[in-house]
Amino acid sequence: MVCMAFSTLLPSCMPTRGIPEDQYLLNRNRIVVENAHVDAHQLRNFHIQTPNRRIFGLYRFNLNVYQLADRGEETRLKRWMKNTIGEPPVLFDRSLADQTSRQFELYMHNKGYFNADVGYDVRKRGKRADVIFTLRGNQPYTIRNIDYTIPDKHLARFVHADTLESLISRGDRYDVDVLQQERQRLTRVLKDQGFFNFSRDFVFFSVDSTLNTNQIDLEMIINNPRSRSAAHPDGVMPHKRYVLNNIYVYPCYSRLTAGQLFADTTVYRQENDRESVYSFLHNGPMQIRPKTIAGNILFQPGDFYSISRVEQTHYHLAGLRNFRFVNLQFNQAGYSSYATNDTIGALDVKVELTRAPANAFTIEAEGLNTAGNLGIAGNFLYQNRNIFRGAEIFNLRLKGALEVSGESVDQQIFQRLPFNTMELGADVSVDFPKLLIPFGFERLTETARTQTTLLTGFNYRQRPDYTRYILNMSYSFQWQPDQRQQHQFIPLEVSSIKIFNDSILQSRIPDENPLILSRYRDHLIGGMKYNYTFSTQQIDRKTDFFYFRSNIESAGNLMYLAAGAMDLSKNQEGSYTIRDIPFAQYVKGDADLRYYRVFDDNTTLAFRIMGGLGIPFGNIDVMPFIKSYYAGGANSVRAWSIYNLGPGGYPESHALRFDKYGDIKLEANVEYRFPVYRYFHGAFFIDAGNVWFLEKNEQFPRGEFAIDRFYKEIAIGSGLGLRLDFNFFLVRLDAAFPVRNPGMPVNSRWIDGWPRLNDWNFNLGIGYPF
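Residues numbered from 1 in each chain as written. Predicted model: local features only at pLDDT ≥ 70, side-chain atom pairs only at ≥ 80, totals over all residues. Heavy atoms only, no water.

A.B. asks: Please provide a residue-by-residue account of the overall build of the chain, values included.
C.D. replies: Scanning the chain from terminus to terminus reveals 12 helices and 30 strands. A total of 770 residues make up the chain; the buried ones form 47% of that total. Counting only carbon and sulfur atoms, one obtains 53% of the accessible surface of the chain, whose full area is about 39,800 Å². (Helix = DSSP H or I, 4+ residues; strand = E, 2+ residues; numbered from the N terminus. Buried < 20%, exposed > 50% of the residue type's maximum accessible area, 1.4 Å probe, protein only. Areas by Shrake-Rupley, 256 points an atom, 1.4 Å probe, with all protein chains shown as cover.)

Structure below.
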């Protein structure tokens, strides 16, 4: 039995004043499903009458405001409160309950429960009414036989060849939703096979449920299109399979001048296929080379029409970021050598491309939430979207930022401004819409959207405890097989980090602990990286989805081999150096998995689990601090401030005032997000995690990872949040307190009472934490 209750309420929170004597306030709807396999969550969408809204699932704020404003003489303020914030009481209506019951009965029939019993019971308590709907499925009807009636023998050949992929099978429970999904699936399969004009309206199902055995016989009928032509005296014609005939590209199309004549025509032929001809119609010189555009059109003359290739082509052309408008138009060709009989048709294709401005300047002001550190920033961005006439995008970004970080907030960069960290940076990059690699990936580039990026940049960061300079260069390329997946491979990434330690940082690290100090020394990082991202999120649909991201990187290995072969000098610590700067050597990998359970447009239950491991070896025996892991802050375990958790079970009584890092990180989060009022949303959350050192360090007892005790050193925090959500921009305030503190003595790690005010940690963030 499946039982689901909606709108549970504390009795003390139920306002019933002003309710007429013979009427009752609808308190809750409850659904009980017996002997049936149906999605109970879908049933709530059929409720015609629902109770008044509650905040935090308990308090009817909107109803209380309405009743408060309804007292006494009406004023403009009271009218505004009633109409804007208030919500009139929902009074139980038996006729609406009857309609809901009929909706449930129809739903059960559509799910194969033709003999379902549906009813409801009203339980009254005072002036409140609880409505309990009971749905008994009884024995469902299953599919005994599946037959196909397809008059078009040419089309039938494609349908029968695809039956193994069908969503309908003998023995399955009858389900109208599955039949609709099969119509849509089969329609797409046929459109991928060239049947351009085919639609799901041609597909029908006939159901025979008179067998008296709780079984049905199912017949799929695919009708032919109607025709008034004298060539088809019976009034119907076969489904045509279409071949692409001529492909015309309009690289400077404008809707304002649609239908204009073009003075110039450029014919482009693919290098590996001289029969693939693309005709470019334009006036004056073409700004983007024909090869670039043709390389992103994933069909050619002679191909059968495929809706998947059409969608991929639109996706690729839009991905060039050079066109404001992309439209693919298909028209029946008047004559074509490909149309050899009445089952084959031909289509002429128009690729209409409206150019975006080649040069763009952007000035941005933004609020920062860098790993939980808040601040302000300004950016200047210049873009040339076609710098080499192949849709290459040149980017120049200048950045300046002020942040609050660390604990020395009294040390300000500028007087009268509450910032203690300044950052300045400049990046120059060029994005190429193809793979710039010395070997071919023909199968990859045929359908995947590809990009190569060359980047160099400089960053300066001044904090109270240190000053850091970073010079970086990278060569990377990425490809997207589809809209769900993205791969990025960086075969070359070089960063030079120069750090000036302030006396503040040195004073926080007793006895010049080498494990910590080495993270804040000059070093080089040269290596490679691979990222993979997968998401099932559908932007246009509110449905459950997964998100997965993984990262693997390695640094210093080739440099170490070259240094040994070239017999380079070593410093006092025994590390090879390049111009007196040691280079880091390590391998690192991490993964982040998320699941979002979407209840409705504004209510979501989000789960996240992540783990990471960095292993330093060879030239330097510690991880660079910019590659190390940390915990705490607005996007991590929110009961601790950023860089203030761990490592491991390191006692808080020994706590040093420095940014805490680790080589290993484990973290898990659960967050329930719900609406409060208009733009205001709330959240309940639980965070758990910590960071650890890979190796033992005497000055950080219990700071290293140990398989027999790491689970005892997981920090747990809980709290609630308030969010201001404008769809395009979200600001959140999260308040959390430690539930389990691994820095406390073993017998005192769990919370033993309601947290005091100074036990709460407040985080102001921008965007969701995950």
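Don't stop here, the text continues.
A.B. asks: Describe the side chain of His 154, naming the residues involved and giving the relevant values.
C.D. replies: Topologically, His 154 is positioned in helix H5 (residues 153–161). Discounting residues that sit within four places of it in the chain, His 154 has contacts with Phe 195, His 239, Arg 241 and Thr 343. (Contact = heavy atoms within 4.5 Å.)

A.B. asks: An account of the packing of aromatic side chains is requested, with residue identities and associated values reported.
C.D. replies: Scanning the entire structure with this criterion turns up 42 aromatic pairs. Between Tyr 120 and Phe 133, the aromatic rings sit 5.6 Å apart at their centres with planes inclined by 45 degrees, giving tilted as the arrangement. Note that Tyr 120 is positioned in strand S3 (residues 117–125) and Phe 133 in strand S4 (residues 128–136), a separation of 13 residues in sequence. Phe 133 gets classed as buried once you look at its relative accessible area, which sits at 2%. Three or more aromatic residues link up through ring pairs in this structure, and these residues are Phe 196, Tyr 242, Phe 299, Tyr 305 and Phe 330. Residue placement shows Arg 255 over the ring face of Phe 325; its charged tip is 3.8 Å from the ring centre. Directly above the ring of Tyr 315 sits Arg 449, whose terminal nitrogen or CZ lies 4.2 Å from the centroid. (Phe/Tyr/Trp six-rings, centres within 6.5 Å; stacked < 30°, edge-to-face > 60°. Lys NZ or Arg CZ within 6 Å of the ring centre and 35° of its normal.)

A.B. asks: Lay out empty space enclosed by the protein in plain terms, naming residues and giving numbers.
C.D. replies: Per the counting criterion, the structure on display carries 4 cavities of 30 Å³ or more. The volume enclosed by the largest cavity comes to roughly 60 Å³. For the largest cavity, the full set of lining residues is Leu 26, Asn 29, His 47, Gln 49, Phe 92, Leu 96, Ala 97, Thr 100, Val 131 and Phe 133. Mapped onto the lining of the largest cavity, the elements with two or more residues apiece are strand S2 (25–34), helix H4 (94–110) and S4. The biggest single contributor to the lining of the largest cavity is H4, with 3 residues. Here the lining of the largest cavity is composed, by residue class, of 6 nonpolar, 4 polar and no charged. (1 Å grid on protein atoms, 1.4 Å probe; cavity = no way out; pocket = protein on both sides within 12 Å on 5 of 7 lines; lining within 4 Å. Points joined across faces, edges and corners; volume = space filled by probe spheres on them. Nonpolar A, V, L, I, M, F, W, Y, C, P; charged D, E, K, R; others polar.)

A.B. asks: A description of the packing of helix H2 (residues 61–69) against helix H3 (residues 76–85) should follow, citing residues and the corresponding values.
C.D. replies: Interaxial distance between H2 and H3 falls to 9 Å at its minimum, and their mutual angle equals 155 degrees. Regarding the angle of H2 to H3, the classification is roughly antiparallel. As H2 runs across H3, the sense of the crossing is left-handed. Note on element contacts: H3 touches H2 through Lys 78, Met 81, Lys 82 and Ile 85, opposite Phe 61, Asn 62, Val 65, Tyr 66, Leu 68 and Ala 69. (Axes fitted to C-alpha atoms, helices over the stretch in contact; angles between N-to-C directions. Parallel < 35°, antiparallel > 145°, perpendicular 65-115°, else oblique. Left-handed = near helix turned anticlockwise from the far one by under 90°.)

A.B. asks: Tell me what's going on with the pairing of strand S27 (residues 680–692), and back it up with residues and numbers.
C.D. replies: In terms of burial, S27 is a largely internal element, 10 of the 13 residues being buried. Note: strand S26 (residues 664–677) against S27, 13 bridges, orientation antiparallel. Looking at the pairing, Val 670 lines up with Ile 686 of S27. Between S26 and S27, which pair antiparallel one after the other, the connecting turn spans 2 residues, and Arg 678 there sits at a positive phi close to 50 degrees. Of the strand pairs in this sheet, S27 and strand S28 (residues 715–725) are connected by 10 bridges, and their pairing is antiparallel. Within S28, the position partnered with His 681 by the bridge is Arg 723. (Pairing = 2+ DSSP bridges.)

A.B. asks: Before we move on, could you go through the sheet that holds strand S7 (residues 215–222) and cite the residues and values that matter?
C.D. replies: Here 3 strands make up an open sheet; going across it, the order is S5-S7-S6 and the pairing mixed. Looking along the sheet, the strands with just one partner apiece sit at the ends: strand S5 (142–149) and strand S6 (203–208). Within the sheet, the average angular offset between the axes of one strand and its neighbour, ignoring direction, is 25 degrees. Inspection of the sheet shows S5 paired to S7 by 7 bridges, in the parallel sense. Residue pairing in the sheet places Ile 143 in a bridge with Ile 216 of S7.

A.B. asks: How would you summarise the pairing of strand S30 (residues 761–766) if you had to cite specific residues and measurements?
C.D. replies: Here S30 shows a buried face lined by Asn 761, Asn 763 and Gly 765 and an unburied face lined by Phe 762, Leu 764 and Ile 766. Of the strand pairs in this sheet, strand S29 (residues 730–740) and S30 are connected by 6 bridges, and their pairing is antiparallel. Pairing of Val 731 across the sheet is with Ile 766, part of S30.

A.B. asks: Tell me what's going on with a nonpolar patch on the surface, and back it up with residues and numbers.
C.D. replies: A contiguous nonpolar surface patch, about 620 Å² in accessible area, is contributed by Tyr 679, Phe 680, Leu 722, Phe 726, Phe 728 and Phe 729. Within the secondary structure, Leu 722 is located in strand S28. Judged by its relative accessible area of 43%, Leu 722 falls in the partly exposed class. (Patch = residues over 30% accessible without salt bridge, like charges linked within 9 Å, V, L, I, M, F, W, Y side chains within 5 Å. Salt bridge = Lys/Arg side-chain N within 4 Å of Asp/Glu carboxyl O.)

A.B. asks: Before we move on, can you summarise the packing of helix H6 (residues 176–192) against helix H8 (residues 307–319) with the specific residues and values?
C.D. replies: Where H6 contacts H8, the two axes come as close as 7 Å, and the packing angle between them is 80 degrees. It follows from the interaxial angle that H6 and H8 lie roughly perpendicular. Counting all contacts with H6, which are made through Arg 188, Lys 191 and Asp 192, the residues of H8 involved are Ile 307, Ser 308 and Glu 311. The class makeup of the residues in the contact of H6 with H8 is 1 nonpolar, 1 polar and 4 charged.

A.B. asks: Can you explain the pattern of salt bridges? Please cite residues and give values.
C.D. replies: Overall, the coordinates contain 34 salt bridges when judged by the stated rule. In this structure, Lys 111 and Asp 177 form a salt bridge, with 2.8 Å as the shortest nitrogen-oxygen distance. With Lys 111 in the loop between H4 and S3 and Asp 177 in helix H6, the pair connects residues that are 66 residues apart, well separated along the chain. Among the salt bridges present, the one from Glu 671 reaches Arg 673, with a minimum N-O distance of 2.6 Å. For the residue pair Glu 671 and Arg 673, the accessibility class agrees, reading buried in each case. The structure contains a network of salt bridges with shared partners spanning Arg 638, Glu 671, Arg 673, Asp 687, Arg 723, Arg 732 and Asp 734.

A.B. asks: Tell me about unusual backbone geometry, and please be specific about residues and values.
C.D. replies: In the segment running from Gly 646 into Pro 647, the intervening peptide bond is cis, with an omega of -5 degrees. Turning to its location among the elements, Pro 647 is positioned in the loop between strand S25 (604–616) and S26. In the Ramachandran plot, Asn 35 falls in the positive-phi region, its phi being about 55 degrees despite a non-glycine side chain. Phi is positive for Arg 702, close to 65 degrees, though the residue is something other than glycine. Residue position: Arg 702 is located in the loop between S27 and S28. Using a relative accessible area of 37% as the deciding quantity, one classes Arg 702 as partly exposed.

A.B. asks: Before we move on, can you summarise the nonpolar core with the specific residues and values?
C.D. replies: Looking at soluble globular proteins, one finds that nonpolar side chains tend to be buried together. Residues Val 249, Phe 280, Ile 293, Phe 299, Phe 330, Val 351 and Leu 353 are the most contacted members of the largest nonpolar core, which totals 27 residues. Setting aside its immediate chain neighbours within four residues, Val 249 contacts Ser 279, Phe 280, Leu 281, Ile 293, Ile 297, Val 351 and Leu 353. By size, the runner-up hydrophobic cluster in this structure holds 19 residues, among which are Ile 31, Val 38, Leu 43 and Tyr 113. (Core = buried A, V, L, I, M, F, W, Y, C linked by side-chain atoms within 4.5 Å.)

A.B. asks: Residues and numbers for H4, please.
C.D. replies: The end-to-end C-alpha distance of H4, which contains 17 residues, comes to 24 Å, matching closely the 24 Å that a straight helix rising 1.5 Å per residue would cover. Along H4, the residues that are buried comprise Ala 97, Thr 100, Ser 101, Phe 104, Tyr 107 and Met 108. Axial view of H4: buried residues confined to an arc of 120 degrees, hence all on one face. A positive backbone phi angle near 95 degrees is found at Gly 112, which sits one or two residues after H4. (Expected span 1.5 Å × (residues − 1). Arc of directions from axis to C-beta.)

A.B. asks: Report on the side chain of Thr 452, specifying residues and quantitative values.
C.D. replies: Among the secondary structure elements, Thr 452 is positioned in strand S17 (residues 449–462). Engagement of the side chain of Thr 452 in a polar contact is seen with the backbone nitrogen of Leu 436, the distance being 3.0 Å. (Polar contact = N/O pair within 3.5 Å; in protein donor to acceptor, adjacent residues only side chain to side chain.)

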